[in-house]
Amino acid sequence: MNSFAALQDTDAADEAIRDASEAFDWQRAAVCTQHSILVLDASGSMREADCHSHGRNIPRIEALYDALRCGFVQPQLDAGIPPSELVSVVRMQDSADILLQCAPFADVADLPHLQPASHGNYLPALAKLHSLIQTVEAARAQGSEAGLPVPPTMSTCVLFLSDGRPSDVVLARDRKSETRDPRLVSTAVCSSVRRLWYMLNERE
C-alpha cells in the first residue's frame, strides 16, 4: 500500500471524516500513552508549486505530505512504535474536520490526498483540538470505571503544519462588525492556545 493514497476527489476526504467518527475506539483511546495530533493546512495557498524536491517544483500540499511521511510517521513506524501511541489528523480550511481520530500510526497511510481550497482558519482548528482532547479524557474516565489499564498520565503532542498566518475573521473593536485585523486575530488565536495549554496542564 502506498504511504498516501493519491485520491483526487473531495469525496474521499468527506468519506474519511465520516469514517473517523464511526471508527472511534474509546477503549483504545482510554489506554493511550501518547496522543499526537496533526493539524494539516489545506487552504488554497497550499496549491502553490514553489517547493523544490528531487529536481522539480511541487505543490506545498505535496511537500507537507512528504514531510509528514518521511519526517514524522515513517521513522516512528520503523522504530516500532507501541500500539498505545496514537495519532489524530485534523484538516484546516474555513472549518476544521477530523480525518483520523485516535488511530494507529499505520492508518496515516490511508489518508486521502487533500484538495487545497478556501482559507486556513486557526480558530476552528483550535476548537476542534479542544473537543478532541476532551473526547480522549472522557474515554480515559470511562476506561477507569470499566477497569481497563488506563495509564496514570498521557502525553499530548500537537503539530500545526501550515504555510502562513491565520485567515480568521473576528469581531472588530466596536463588537458590531468583523475584521481580519492581524492584531485582533493574533489576540484571539493566542487566547485560544492559552486555554488549550491550561486544559492540558490541569490534566496532569
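Everything discussed here concerns the structure shown above.
Throughout what follows, the structure given in this document is the object of discussion. Worth saying up front: this structure is predicted, and the values here are computed from it rather than measured.

So, on to the overall build of the chain. Each helix and strand in the chain was counted, giving 5 helices and 8 strands. When the helices and strands of the chain are read in sequence order from the N terminus, they spell out α-α-β-β-β-α-β-β-α-β-β-β-α. In the chain, which comprises 204 residues, the share counted as buried stands at 39%. Partitioning the contacts of the chain with sequence separation of at least 6, the portion at a separation of at least 24 is 73%. Per element, the accessible surface of the chain, about 10900 Å² overall, is 50% carbon and sulfur.

This brings us to the pattern of salt bridges. Taken as a whole and assessed by the stated rule, the structure comprises 6 salt bridges. The residue arginine 60 makes a salt bridge to aspartate 163 at a minimum N-O spacing of 2.6 Å. Here arginine 60 is found in helix H3 (residues 60-78), whereas its partner aspartate 163 is found in the loop between strand E6 (155-161) and strand E7 (170-171), with 103 residues between them in sequence. Among the salt bridges present, the one from arginine 91 reaches aspartate 97, with a minimum N-O distance of 3.0 Å. Accessibility classification places arginine 91 together with aspartate 97 in one group, the buried group.

Ranked by size, the top nonpolar core spans 20 residues in total, and within it Leu38, Leu40, Val89 and Leu114 carry the most contacts. Elements with a contribution of two residues or more to this core: strand E1 (34-41), H3, strand E4 (85-92) and strand E5 (96-103). For this core, the leading source of residues is H3, giving 6 residues. Beyond its immediate sequence surroundings of up to four residues, valine 89 is in contact with Leu38, Leu40, Asp97, Ile98, Leu99, Leu100 and Leu111. If you look at the next biggest cluster of nonpolar residues, it comprises 19 residues, including Ala96, Val185, Leu196 and Met199.

This next bit is on helix H4 (residues 122-145). Taking 1.5 Å of rise per residue, 24 residues should cover 34 Å, and H4 covers 35 Å from first to last C-alpha, within 8% of that figure. Looking at the residues trailing H4, positive phi occurs at glycine 147, about 80 degrees.

On to the side chain of serine 43, then. Checked against the element boundaries, serine 43 lands in the loop between E1 and strand E2 (51-53). If we ignore the near neighbours within four places in the chain, the residues touching serine 43 are Met92, Gln93, Pro116, Ala117, Ser118, His119, Gly120 and Asp163.

On to the packing of aromatic side chains, then. With the rule as written, the count across this model stands at 3 aromatic pairs. When the ring of phenylalanine 72 is compared with that of phenylalanine 105, the centres are 5.9 Å apart and the planes differ by 40 degrees; the resulting orientation is tilted. Of this pair, phenylalanine 72 sits in helix H3 while phenylalanine 105 is found in the loop between E5 and H4, placing the two residues 33 residues apart along the sequence. For phenylalanine 72, a relative accessible area of 16% corresponds to the buried category. A relative accessible area of 3% places phenylalanine 105 in the buried class. Ring plane angle 25 degrees and centroid distance 5.3 Å describe the contact between tyrosine 122 and phenylalanine 160, whose orientation is recorded as stacked. Linking tyrosine 122 in helix H4 with phenylalanine 160 in strand E6, this pair joins segments that are 38 residues apart in sequence. Take tyrosine 122: its relative accessible area is 13%, and that puts it in the buried class. Using a relative accessible area of 28% as the deciding quantity, one classes phenylalanine 160 as partly exposed.

Our next topic: the sheet that holds E5. The strand order across the open sheet built from 4 strands is E5-E4-E1-E6, with neighbouring strands paired in mixed fashion. Of all strands in the sheet, those bounded by a partner on one side alone are E5 and E6. Direction aside, the axes of adjacent strands within the sheet are offset by 15 degrees on average. Where E1 lies against E4, 8 bridges are found, and the strand directions are parallel.

This part is about the pairing of E1. E1 sits mainly inside the fold: 7 of its 8 residues count as buried. Inspection of the sheet shows E1 paired to E6 by 7 bridges, in the parallel sense. Counterpart to valine 39 in the pairing with E6 is phenylalanine 160.

Rules used throughout
- Residues numbered from 1 in each chain as written.
- Predicted model: local features only at pLDDT ≥ 70, side-chain atom pairs only at ≥ 80, totals over all residues.
- Heavy atoms only, no water.
- Helix = DSSP H or I, 4+ residues; strand = E, 2+ residues; numbered from the N terminus.
- Buried < 20%, exposed > 50% of the residue type's maximum accessible area, 1.4 Å probe, protein only.
- Contact = heavy atoms within 4.5 Å.
- Areas by Shrake-Rupley, 256 points an atom, 1.4 Å probe, with all protein chains shown as cover.
- Salt bridge = Lys/Arg side-chain N within 4 Å of Asp/Glu carboxyl O.
- Core = buried A, V, L, I, M, F, W, Y, C linked by side-chain atoms within 4.5 Å.
- Expected span 1.5 Å × (residues − 1).
- Phe/Tyr/Trp six-rings, centres within 6.5 Å; stacked < 30°, edge-to-face > 60°.
- Pairing = 2+ DSSP bridges.
- Axes fitted to C-alpha atoms, helices over the stretch in contact; angles between N-to-C directions.

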